[in-house]
Amino acid sequence: MMKKMSMPTSKTSLVLFLCQIISALDVPLDSKLLEELSQPPTITQQSPKDYIVDPRENIVIQCEAKGKPPPSFSWTRNGTHFDIDKDAQVTMKPNSGTLVINIMNGGKAEAYEGVYQCTARNERGAAISNNIVIRPSRSPLWTKEKLEPNHVREGDSLVLHCRPPVGLPPPIIFWMDNAFQRLPQSERVSQGLNGDLYFSNVQPEDTREDYICYARFNHTQTIQQKQPISVKVFSMDSLNDTIAANLSDTDIYGAKPVTERQPVLLTPTGSTSTKVELRGNVLLLECIAAGLPTPVIRWIKEGGELPANRTFFENFRKTLKIIDVSEADSGNYKCIARNTLGSAHHVISVTVKAAPYWITAPRNLVLSPGEDGTLICRANGNPKPSISWLANGVPIAIAPEDPSRKVDGDTIIFSHVQERSSAVYQCNASNEYGYLLSNAFVNVLAEPPRILTPANKLYQVIADSPALLDCAYFGSPKPEIEWFKGVKGSILRGNEYVFHDNGTLEIPVAQKNSAGTYTCVARNELGKIQNEVQLEIKDPTMIIKQPEYKVIQRYGQVSFECIIKHDSTLLPTVTWLKDNDELPDDDRFLVGKDNLTIMNVTDKDDGTYTCIVNTTLDSVSASAVLTVVAAPPTPAIIYARPNPPFDLELTGQLERSIDLSWIPGDENNSPITNFVIEYEDALHEPGVWHYQTEVPGTQTTVHLKLSPYVNYSFRVIAVNKIGRSQPSEPSEQYLTKSASPDENPANVQGIGSEPDNLVITWEPLKGFQSNGPGLQYKVSWRQKDVDDEWTSVIVANVSKYIVSGTPTFVPYEIKVQALNDLGYAPEPSEVIGHSGEDLPMVAPGNVQVHVINSTLAKVHWDPVPLKTVRGHLQGYKVYYWKVQSLSRRSRRHVEQKILTFRGNKTFGMLPGLEPYSSYKLNVRVVNGKGEGPASPDKVFRTPEGVPSSPSFLKITNPTLDSLTLEWGSPTHPNGVLTSYTLKFQPINNTHELGPLVEIRIPANESSLILKNLNYSTRYKFYFNAQTSVGSGSQITEEAVTIMDEAGILRPAVGAGKAMASRQVDIATQGWFIGLMCAVALLILILLIVCFIRRNKGGKYPVKEKEDAHADPEIQPMKEDDGTFGEYSDAEDHKPLKKGSRTPSDRTVKKEDSDDSLVDYGEGVNGQFNEDGSFIGQYSGKKEKEPAEGNESSEAPSPVNAMNSFV
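Fair warning: this is a prediction, and the values are worked out from it, not measured in the lab. (Residues numbered from 1 in each chain as written. Predicted model: local features only at pLDDT ≥ 70, side-chain atom pairs only at ≥ 80, totals over all residues. Heavy atoms only, no water.)

### Quick look at the overall build of the protein
Then, number 1: A count of helices and strands for the protein gives 10 helices and 86 strands.
Then, number 2: Taking the intrachain contacts of the protein between residues at least 6 apart in sequence as the baseline, contacts between residues at least 24 apart amount to 65%.
Then, number 3: Within the structure as shown, the protein displays about 64800 Å² of accessible surface, and the carbon and sulfur contribution to it stands at 51%. (Helix = DSSP H or I, 4+ residues; strand = E, 2+ residues; numbered from the N terminus. Contact = heavy atoms within 4.5 Å. Areas by Shrake-Rupley, 256 points an atom, 1.4 Å probe, with all protein chains shown as cover.)

Laid out in structure tokens, this is it:
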């Protein structure tokens, strides 16, 4: 028998838990009751678990508790009793457990580090606080270190380490300069989570000597400063200058430019890392990368999405921040750093652990003797926390035994409790990341019933309103509540009453006969008590005459009435408001017993006035609008939009017409110009107003035409020059009788979607156009020009019908007629449509091609018969493609080209053809369905054209008097090559061109050696190819013959501009600059002496000698480009323009220009041999000669010769 009666532990717990919900007592928050009832201690305030204190101030460790009787307090320190009486620096506040440790009068905070716990105890139990760890704040100084300057090349990455001292709590790090200004940060320069300053790539502007890391310790309000860090960035320009200053004149130098680099992660290092974070905390992940250009950081979560509302990006997206993390946020997070050269990534494996957190914290339990109950303590965490119980601060395993108590894991089960079972229980849930401690008491009380509601309390309610009669009670065990009406009345029951769990009696609709005395009775096994309350029913307050809308002229007087009716026992108060605010403090407003009067009305009195009547039980209100208008006469008339018309009336109702009349509203000093009438169709489009008509402003009636089967409402809008009024109130509704439709659908079309169908579409009629119920459409069709009968179908609620099985592309006559339950609309008009198209059947014939020139041809064809088009003729397409180039005799695949010619056109032009090539083409007809078959391919050829430029021109093997030229045939010969043409001419150091020499070369040659050239001379070459049609575009190159001087640097052998770019500019060499300065000084002295002599009327013989023998070497040097210019005569102090020339008499010709073709033809002393080779001199300086001849045989100077390399 015992076996059958037994129940599993889980079921027993469930039953007891339900018993707890049913039988546990709620103690009302009544101060008098709480003072009388015994209660175990409850901790109400305590210091945080991790308590960091300022070592300069007194330490206050809080511990406050309540209970009946008031609890006493004791403390433990590091697990042992803390005797505060033996320590003169420690005191406890009166009637409190809060400790005050006196540090400011000699105590040391370090001496009081430790773990503290407070116990609050009375005769009903003991509550304990959390373990409070006391630690003084620390803000140590920076260790001294020798910081070397950082020398960094432009574009490289850099990390400035902060390494702050370890403080408690950790400091806040920031970087500033000597002026205490924060250093600017960006995607390129930013501070990491560890406080270091990271440069993805340094720039010259990063150079400074005052990078200073600061650590702010908030607890002690101190800031520590690291020694300044110096950064020197060497740019490529400064490196080049440094290198150039240390190399000889002939050295070739050049530091490499700033090298762009793909991203590399500065932090974290490696490809993967791990991070553990606790549930509810903020997860911070960081990736900072080096690279040039500056990398951009992107974050993803592998196999998932970043949480939408909890994810934030900081520090220029280098920091991923997820707030309030949970176990679901565990996973792999990848940061990707990317720039134009590539990317780098790092995967951070995040594991979210959890300190214990409550699922169900234990709650205080108030029981009666003999009752059952449970305390439940459920917590979760990662790892799963362990649950342990304490009773009055002692582990429950060694606590005094209680036969009514049974511990079952996270639950304590109480059975048949007695008063001695009262105690405070502590639940501790802990794992490696923290713990939770919660106090919950079990208070066993045996109390007779008490009614807390005052005796004979009077309740007053308005008739027909709910009445709530209170009966607040307490007792242990929980008392039962009963209500009676009258002294000897029976117990109240039935649907007309509502009994609440807190003892309140509710009468949902209180009537006059509900008034009287009501008695509340509370009883339990320890006693019985009753209390009487009184209920009175009052008449409602009403406004029997409300204020009305008033229009008053300015400076007039207006009065609003507010006459009320109320219960005689209630004292009403009447309050007036203007625009929901108090009345203005103005003597013009007079408030009477039942009215409000405004004297000498002004414009600011315009608004809404509200009368509010209040009693102690109810409140009513009523409002009216006051409109102030101008008082005649007035110099300033206020114009406004008219007031809306009113009193709309419908008369003369007929099936298709009605008369509408109305009364205009106030025009507000601007005459009404017209009235707009609108209608609403409540049957088909309720709430939508449509324009009906409009009439002049002098007219107040209108005859309106109506449509059948419409439920009309009308409204009128008045219009003046200021604007439109608000719409009037709608008129009464008028439903017109049904009729057959007046019109048919519009936009009827017939277009086939397939070769064997016809799709008929139309615009359906709108609701009011149907004229009656049962709107349908009769769709009819027949083939055009065929003696067929009409085929018809009737459809509804559609706007499309598909006719199947039709011949391909034939014309049809189509009509769509509307009908409803009362009949058909008038006979509709017919439209012509076509059944579906199919692809054309035949190709165009007689295709002919007429070649106009080497890149353009004209094609002709005969049109196809329209019957074979089988659709709407859209045009013709010409497909053409190149078969082969006749000059190469090679075939290769070339993409087809397509030209479309719209309409019935029978010819077209083919542009963009390649010369001397074979082409094919065909023609196809096009309709709406697509293209027809192609005509037979037609072959045609294009004639020769001019060739493209030779593929290359190389000049090699320079000697004293010869150059070797090599070239490649044109990429596009465009015909048969007949020959090559070579033209060349010398160039002097001032970039002037000499005479042009032309040589014709056979087409089968690919190289040529030019002999008998001048040494140390630059030549410019022009080279092109010819066909029988003409010459193609030319290619140009430049080259220099070598020097015959010993000891002078010979240029590297190369072609054209590439060789010239590797020469050393002699004008930048030190020895040459010194020489030129000396020559310039000598010339200046001579000119000064010459000027003095000329002013005296004589000539300086040296100057005459200079005039007769001008030395091309002795010329001043221009500072801007290193070339040589001239000085003007002493009488003309203006420098000459670039390119001007000085004749032998040292006078200047102002009209000279270096762009003149005559200039290019003069100054060249030379001639050509019979073979065309150049045998003359190419002077480095050009003088204008007054007469022919005067050719100089003087050799070119070494200075000019060197400049020709530049």
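Next comes the rest of the write-up.
### Regarding the pattern of salt bridges
Then, number 1: Counted by the stated rule, this structure contains 36 salt bridges.
Then, number 2: Residue R279 is joined to E327 by a salt bridge in which the shortest nitrogen-to-oxygen separation is 3.8 Å. In this pair, R279 sits in the loop between β21 (272–278) and β22 (283–286) while E327 sits in the loop between β26 (319–322) and β27 (331–339), placing the two residues 48 residues apart along the sequence.
Then, number 3: Residue classification places E327 among the partly exposed residues on the basis of a relative accessible area of 30%. (Salt bridge = Lys/Arg side-chain N within 4 Å of Asp/Glu carboxyl O. Buried < 20%, exposed > 50% of the residue type's maximum accessible area, 1.4 Å probe, protein only.)

### Let's talk about the nonpolar core
Then, number 1: Formed by 30 residues in total, the largest nonpolar core has its most connected members in I59, I61, W75, I101, Y116 and I134.
Then, number 2: Mapped by element, the contributors of at least two residues to this core are β2 (50–53), β3 (59–61), β4 (63–68), β5 (72–77), β8 (99–101), β9 (114–122) and β11 (132–136).
Then, number 3: Top contributing element to this core by residue count: β9, with 3 residues.
Then, number 4: Discounting chain neighbours no more than four positions away, the residues touching W75 are I61, Q62, C63, T80, H81, F82, M92, G97, L99, Y116, Q117 and C118. (Core = buried A, V, L, I, M, F, W, Y, C linked by side-chain atoms within 4.5 Å.)

### Description of unusual backbone geometry
Then, number 1: Cis rather than trans, the peptide bond between N382 and P383 has omega equal to 5°.
Then, number 2: Take P383: it is sitting in the loop between β31 (378–382) and β32 (386–391).
Then, number 3: Cis rather than trans, the peptide bond between S476 and P477 has omega equal to 5°.
Then, number 4: Counting through the fold element by element, P477 comes out in the loop between β41 (473–476) and β42 (480–485).
Then, number 5: Residue N78 is not a glycine yet carries a positive backbone phi of 55°.
Then, number 6: Considering the arrangement of structural elements, one finds N78 in the loop between β5 and β6 (80–81).
Then, number 7: The exposure class assigned to N78 is partly exposed, which follows from its relative accessible area of 47%.
Then, number 8: Although it is not a glycine, D579 sits at a positive phi angle of roughly 50°.
Then, number 9: Assignment of secondary structure puts D579 in the loop between β51 (573–578) and β52 (581–582).

### Some words on the state of the cysteines
Then, number 1: Enumeration according to the criterion identifies 6 disulfides in this entry.
Then, number 2: Covalent S-S linkage joins C162 and C213, the inter-sulfur distance amounting to 1.9 Å. Note on the C162 and C213 pair: the S-S dihedral is about -70°, so by sign convention the disulfide is left-handed. Note that C162 is positioned in the loop between β13 (158–160) and β14 (172–176) and C213 in strand β17 (residues 208–217), a separation of 51 residues in sequence.
Then, number 3: Described in terms of the sequence order of its bonded cysteines, the disulfide pattern of the protein is 1-2, 3-4, 5-6, 7-8, 9-10, 11-12. (Disulfide = S-S within 2.5 Å.)

### Focus: the side chain of N531
Then, number 1: Here N531 shows up in strand β46 (residues 527–538).
Then, number 2: Of the residues examined, N531 reaches a relative accessible area of 8% and is grouped as buried.
Then, number 3: Ignoring sequence-local partners within four residues, the contact set of N531 consists of I451, T453, P454, A455, N456, Y518, T519 and C520.

### Description of the sheet that holds strand β25 (residues 311–314)
Then, number 1: Strand order in the open sheet formed by 3 strands is β22-β26-β25, and the pairing between neighbours is antiparallel. In this open sheet, the two edge strands, each paired with only one partner strand, are β22 and β25. Direction aside, neighbouring strands of the sheet carry axes that sit 20° apart on average.
Then, number 2: Pairing analysis gives 4 bridges linking β22 to β26, with the strands arranged antiparallel. Across the sheet, residue E286 finds its bridge partner in β26, namely T319. (Pairing = 2+ DSSP bridges. Axes fitted to C-alpha atoms, helices over the stretch in contact; angles between N-to-C directions.)

### Structural notes on the confidence of the model for the protein
Then, number 1: Mean pLDDT over the protein: 83, with 83% of residues reaching 70 or higher.
Then, number 2: A low-confidence stretch, residues 1–23 stays under pLDDT 50, and its non-local contacts, those more than four residues away or across chains, total 17 contacts.
Then, number 3: Every residue in residues 247–255 is under pLDDT 50, and counting partners more than four places away or in other chains gives 16 contacts. (pLDDT = per-residue confidence, 0-100.)

### Description of the sheet that holds strand β48 (residues 550–553)
Then, number 1: The sheet built from 5 strands is open, its strands ordered β48-β56-β55-β51-β52 with mixed pairing. Across the chains shown, the open sheet's two edge strands, defined by having one partner strand only, are β48 and β52.
Then, number 2: As paired elements, β51 and β52 share 2 bridges and run antiparallel to each other. Following the sheet pairing, L577 is matched in β52 by E582.

### Details of the packing of aromatic side chains
Then, number 1: This model, assessed by the stated rule, comprises 20 aromatic pairs.
Then, number 2: Taking 5.2 Å as the distance between ring centres and 65° as the angle between the ring planes, the aromatic pair formed by W662 and F675 counts as edge-to-face. With a gap of 13 residues between them, W662 in strand β58 (residues 657–663) and F675 in strand β59 (residues 674–681) connect regions that are remote in the sequence.
Then, number 3: Of the residues examined, W662 reaches a relative accessible area of 4% and is grouped as buried.
Then, number 4: Note that R77 overlies the ring of F82, its terminal NZ or CZ placed 5.9 Å from the centroid.
Then, number 5: The positively charged end of K232 is found above the aromatic ring belonging to F234, 5.7 Å away from the centroid. (Phe/Tyr/Trp six-rings, centres within 6.5 Å; stacked < 30°, edge-to-face > 60°. Lys NZ or Arg CZ within 6 Å of the ring centre and 35° of its normal.)

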